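# Understanding the architecture of this molecule
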Amino acid sequence: MSLTKRERDAAAVRDATLEDLLAAGRPWDVDRVKEVILAVARERGEVSANSVRDLLEKRLHWLIGPAFNSLAHQRGPLANSGRRVPSTSPATKGHGVTVYQLVASDDAAGKAA
């Protein structure tokens, strides 16, 4: 299914915004959040913000969403499962969070490159 020009433009803005958010964080903080996300995904096969939030310091919570999107875009190691679950964060008032699946281990991704 091909995207319309409007959808492609919206995706470009989304990707630029995510990159800006990640660039605003300290590189080691971004790496830490991504490492935790991938560790949970490797252990369970799937992961959401709910499953990593308690494993990270509160000061890093703002990086969870951008880190997930970074890991799932452009053939990353995660893929959107199509499922959403209610958020366990009181700040979100129970809005849904996406569940992601591990599509390839780091080793398999490295061998494919």
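Reference entry: report on the structure contained in this document. Everything numeric here is computed off the predicted structure, so don't read it as measured data.

So, on to the overall build of the protein chain. Within the protein chain, the secondary structure is distributed over five helices and three strands. Across the 113 residues of the protein chain, 32% fall into the buried class. The contacts of the protein chain with a sequence gap of at least 6 include a subset with a gap of at least 24, amounting to 57%. Total accessible area on the protein chain is roughly 7500 Å²; 54% of this is exposed by carbon and sulfur atoms.

So, about the packing of aromatic side chains. Any pair of aromatic rings gets described here by the distance separating the centres and the angle formed by the planes. A full pass over the atoms with the stated rule returns one aromatic pair. Judged by centre distance (4.9 Å) and plane angle (15 degrees), the ring pair of Phe68 and Tyr100 falls under stacked. Placement of the pair is Phe68 in helix H4 (residues 64-72) and Tyr100 in strand E3 (residues 96-102), with a sequence separation of 32 residues. Classification of Phe68 by relative accessible area gives buried; the value is 4%.

Attention now goes to the side chain of Asp29. Following the sequence through the fold, Asp29 ends up in helix H2 (residues 27-44). For Asp29, a relative accessible area of 7% corresponds to the buried category. Residues contacting Asp29, with those up to four places away along its chain left out, are Arg59, Leu60 and Leu63.

Attention now goes to the pattern of salt bridges. Pairing is possible between side chains of opposite charge, provided their charged atoms come close. Counting across every chain of the model gives three salt bridges. Arg59 is the partner of Asp29 in a salt bridge, and the nearest nitrogen-oxygen pair spans 3.1 Å. Here Asp29 is found in helix H2, whereas its partner Arg59 is found in the loop between helix H3 (49-53) and H4, with 30 residues between them in sequence. Two residues, Glu57 and Arg32, come together in a salt bridge whose shortest N-O distance is 3.2 Å. Here Glu57, found in the loop between H3 and H4, pairs with Arg32, found in helix H2; they are 25 residues apart in sequence, far enough to count as distant. Residue classification places Glu57 among the partly exposed positions, given a relative accessible area of 33%.

All right, on to the side chain of Ser48 then. Along the chain, Ser48 turns up in the loop between strand E1 (46-47) and H3. The class of Ser48 is buried, set by a relative accessible area of 7%. Those residues in contact with Ser48 that lie beyond four places of it in its chain are Phe68, Val85, Val97, Thr98 and Val99.

This part is about the packing of H2 against H4. The geometry of H2 relative to H4 is characterised by a closest axis approach of 9 Å and an angle of 65 degrees between their N-to-C directions. The handedness of the crossing between H2 and H4 comes out as right-handed. Facing Val33, Lys34, Ile37 and Leu38 of H2, the residues of H4 in contact are Ile64, Ala67, Phe68, Ser70 and Leu71. Classifying every residue of the contact of H2 with H4 gives seven nonpolar, one polar and one charged.

Each value, and the rule that gives it
Residues numbered from 1 in each chain as written. Predicted model: local features only at pLDDT ≥ 70, side-chain atom pairs only at ≥ 80, totals over all residues. Heavy atoms only, no water. Helix = DSSP H or I, 4+ residues; strand = E, 2+ residues; numbered from the N terminus. Buried < 20%, exposed > 50% of the residue type's maximum accessible area, 1.4 Å probe, protein only. Contact = heavy atoms within 4.5 Å. Areas by Shrake-Rupley, 256 points an atom, 1.4 Å probe, with all protein chains shown as cover. Phe/Tyr/Trp six-rings, centres within 6.5 Å; stacked < 30°, edge-to-face > 60°. Salt bridge = Lys/Arg side-chain N within 4 Å of Asp/Glu carboxyl O. Axes fitted to C-alpha atoms, helices over the stretch in contact; angles between N-to-C directions. Left-handed = near helix turned anticlockwise from the far one by under 90°. Nonpolar A, V, L, I, M, F, W, Y, C, P; charged D, E, K, R; others polar.

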